[in-house]
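# Structural description and commentary
So the chains spell out like this:
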Amino acid sequence: MFKRLLSVLLLAAMILTALFPLTACGTNGENSGETGTVSATSSAETEVSDDRLHAKDSLPDDLDYHEQVIRLLTRSGDDDTRMEFIAEKGSTDVVEAAVYERNKLVEDRLNITFEYIEVSDTRHSGSAINDLLTTTVSSGTDEYDIISNHMSQTTTSLLAGYLRNLNTVSYLDWSQPWWNRSYSEEVTVDDKQYLAVGELTLSYISGTYAMFFNKYLWNNYRNGEDLYAVVKNGEWTLDKLTSYVTDFWQDTDGKDGLTEDDMVGLFHCTSALCDGFAGAAGVRFTEFNEETDSYTFVLNEQRTFDFVDEMKLLLFESNSTFIGPDNFQIGLEKLSNDTALFTPNILGGSLYLRSMENDYGIIPMPKLDTEQDAYTTFVHNGFSVVGIPTTVKEPDTMGAVIEALCAESYRRVTHAYYDTALKYKYNRDPQAVEMLDIITGNIRFDFAYCYNQSLNTVAAVFRTVLESKSTISKAASTIRGKQRNTEKSIAQLVKKIEKLTV
């Protein structure tokens, strides 16, 4: 029952993918194709690939909503969230210009006007929007048409019945390449999907985990060895990273032992970056069981413990890994100051490296081993998803608006951010272009990762397990101890979704 609709959608996806192959940023699990370029009629003044620019959506040509005002409730507390919808006319920033153009094109196409209702939530928070949604639904008022909020935290509003089942809304076409099909498949329960993930929210791309490295240090240390070739040959693994990191440490501050100010092979911090390592290693928290027609907790399997063993070697036995405080920016600062060879981060972290004197490179997070078929990645769980409140009187209209926004983002905004800003403006290494295609080409999701907030945060277990020598030594008991409660929570969550009537 859960997957029946998804099977139909995936078949349609295969057909449409054949008609409209992905290029450049293949954010939906497809391989990137060759790209041609044309000069786009755009204030962003970027070159957009033919396949993206001319990708056809399935919206009717004659939609007209007669100057209706569409109220979009969105986060804007930091650059990552603000740039998703808020844009000024005439901006010289290529990404903001593309966002403005997208918004205007959708307004003109559907004969609507956007009203942006901003809250101060950042990538790491979503409580303000959840509170506003609770208030409007509880009071029965119709104040917001579309909400954009924190992926994991918004599931509490979903389970409370404040959002509409998007599979009952017209015009939303999950088979299109601008939607992430992995997310749709993982979150769908009883043919119900309440939140959508696609290219209309840039934090979905900027939040993708990747490994950054200092090219100056790399070339001196490894005599110009081609790290990109290692990746392309399928040999970029946790074991390979550990071999590069081991013995790299140099005592540069004169203090005893490895310190934050020394030159280190890997600068890592616990918290969300641990999710990035686990996702890249192909670790699963849950899997759908066709026989039971439900989700099964699978974290207590050998692959998980193989991953933990490799991380123990990397983090605590390589003698050149420094685990710093929970601050993503510190590792990038050390990379920029030529005192760290590697540091994991999200793609949006490249913003902090624009003034770096020496060059840096970006590669995927490492696989568990060479037997793993492909490089995969998670996205930081604070990226934005979109939904429609149950109080909305014309949900099909919102379906058309969301579909148009996502399609136009695919045609113009993703290119502006990914190809122009990320590939060429923020990153001065042209060889990294192919790496970025690999990184974003296989973004995957997991049922427990998506519903983490409602499953006792089980998908954040590695933030604790990988924190210290003491916690990693107890990994097996920690993980096994979560199985019973997680299985119970999954069953309860599924029942809640099945009982939702909107």
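To keep things clear, this report deals only with the structure shown in the data block. Bear in mind the structure is a predicted one, so any value in this text is a computation, not a measurement. Within every chain, residues take consecutive numbers counted from 1 along the sequence as written. Thresholds applied to this predicted model are a pLDDT of at least 70 for local features of residues and 80 or more for the giving and counting of side-chain atom pairs; totals over whole chains, interfaces and linings are not thresholded and use all residues. Think of the side-chain values as coming from all heavy atoms in the structure, minus any hydrogens and water.

What follows is about the overall build of the chain. Helix and strand definitions follow DSSP, with helices as H or I runs of at least four residues and strands as E runs of at least two, each counted in order from the N terminus. For the chain, the count of helices and strands is 21 helices and 13 strands. The quantity called the radius of gyration is restricted to C-alpha atoms. Its globule counterpart is 2.2 Å times the number of residues to the power 0.38. Here the C-alpha atoms of the chain give a radius of gyration of 22 Å, agreeing with the 23 Å that 2.2 N^0.38 yields for 502 residues. By principal-axis analysis of the C-alpha atoms, the chain measures approximately 70 × 55 × 40 Å. Of all 502 residues assigned to the chain, the portion counted as buried reaches 60%. A separation threshold of at least 6 residues defines the contact pool for the chain, and within that pool the share at least 24 residues apart is 79%. Each residue is placed in one exposure class: buried if its accessible area under a 1.4 Å probe, protein chains only, is under 20% of its type's maximum, exposed if it is over 50%, and partly exposed if it falls in between. The contact criterion used throughout is that any non-hydrogen atoms of two residues lie within 4.5 Å.

Time to look at the packing of helix α15 (residues 395-426) against helix α16 (residues 432-440). Packed helix pairs are specified by the crossing angle of their axes together with the interaxial distance, meaning the distance between the axes. Contact pair α15 / α16: the axes reach a minimum separation of 10 Å and the direction vectors enclose 130°. The angle between α15 and α16 places the two elements in the oblique class. Where α15 crosses over α16, the two elements pack in a sense that is right-handed. Only Val433, Leu436, Asp437 and Thr440 of α16 make contact with α15, whose side of the interface consists of Tyr418, Leu422, Lys423 and Tyr424. Three classes are used: nonpolar for Ala, Val, Leu, Ile, Met, Phe, Trp, Tyr, Cys and Pro, charged for Asp, Glu, Lys and Arg, and polar for all others, with Gly counted as polar. Split into classes, the residues belonging to the contact of α15 with α16 amount to 5 nonpolar, 1 polar and 2 charged. Orientation is described by axes fitted as lines to C-alpha atoms, over the contacting stretch for helices, and by angles from 0 to 180 degrees between their N-to-C directions. What sets the label is the angle itself: under 35 degrees gives roughly parallel, over 145 gives roughly antiparallel, 65 to 115 gives roughly perpendicular, and the rest give oblique. By definition, any crossing whose near helix is turned counterclockwise from its far helix by less than a right angle is left-handed, and any crossing with a clockwise turn is right-handed.

For the rest of this paragraph, the subject is the nonpolar core. Only buried residues count toward a nonpolar core. Its members are Ala, Val, Leu, Ile, Met, Phe, Trp, Tyr and Cys residues joined through side-chain atoms within 4.5 Å. In this structure, Trp236, Phe307, Phe342, Ile363 and Phe462 are the most contacted members of the largest nonpolar core, which totals 117 residues. Discounting chain neighbours no more than four positions away, the residues touching phenylalanine 462 are Cys274, Ala278, Val283, Phe285, Leu299, Thr304, Phe307, Val308 and Ile479. Ranked by size, the runner-up nonpolar core spans 33 residues in total, among them Leu172, Trp179, Ala404 and Cys406.

Our next topic: a negative patch on the surface. Each patch is built from salt-bridge-free residues with over 30% relative accessible area, joining like charges within 9 Å and nonpolar side chains (Val, Leu, Ile, Met, Phe, Trp, Tyr) within 5 Å. Only the protein chains shown count as covering a residue, and every accessible area follows the Shrake-Rupley method with a 1.4 Å probe. Salt bridge, as applied in this entry: a Lys or Arg side-chain nitrogen positioned within 4 Å of an Asp or Glu carboxyl oxygen. Counted as positive: Lys and Arg. Counted as negative: Asp and Glu, with His and the chain ends omitted from the count. Taken as the charge centre is NZ of Lys, CZ of Arg, CG of Asp or CD of Glu, depending on the residue. A cluster of acidic residues, Asp61, Asp62, Asp64 and Glu67, forms a negative patch on the protein surface. Turning to its location among the elements, glutamate 67 is positioned in the loop between α2 (50-53) and β3 (68-75).

On inspection of all chains with the given rule, the structure shows 22 salt bridges. The shortest N-O distance in the salt bridge between arginine 222 and glutamate 225 comes to 3.0 Å. Judged by relative accessible area, arginine 222 falls into the partly exposed class, the value being 26%. Classification of glutamate 225 as partly exposed rests on a relative accessible area of 27%. What you see here is one network of salt bridges that share partners, running through Asp57, Glu101, Arg109, Glu408, Arg411 and Arg412.

What follows concerns helix α5 (residues 127-139). With 13 residues, α5 extends 18 Å from end C-alpha to end C-alpha; this agrees with the ideal 18 Å at 1.5 Å per step. Considered for burial, the residues of α5 that qualify are Ile129, Asn130, Leu133, Thr136 and Val137. Viewed along the axis of α5, the buried residues span an arc of 135°, placing them on a single side of the element. In α5, the exposed residues that point more than 90 degrees away from the buried face are Asp131 and Ser138. Elements in contact with the buried residues of α5: β3, β4 (112-119), β5 (146-150) and α6 (155-159). In this analysis, the expected span of each helix is defined as 1.5 Å times one less than the number of residues it contains. The arc refers to the directions leading from the helix axis to the C-beta atoms.

Before going further, it helps to examine the side chain of threonine 154. Of note, threonine 154 is situated in the loop between β5 and α6. Residues in contact with threonine 154, not counting those within four places in the same chain, are Asn130, Ile147, Asn149, Leu163, Leu195 and Val385.

Before going further, it helps to examine unusual backbone geometry. Its identity as a non-glycine residue notwithstanding, aspartate 191 has a phi of 60°, on the positive side. Position of aspartate 191 relative to the elements: it lies in the loop between α7 (181-187) and α8 (203-206). Positive phi outside glycine occurs at asparagine 319, with the angle close to 60°.

Geometry only, nothing functional implied.
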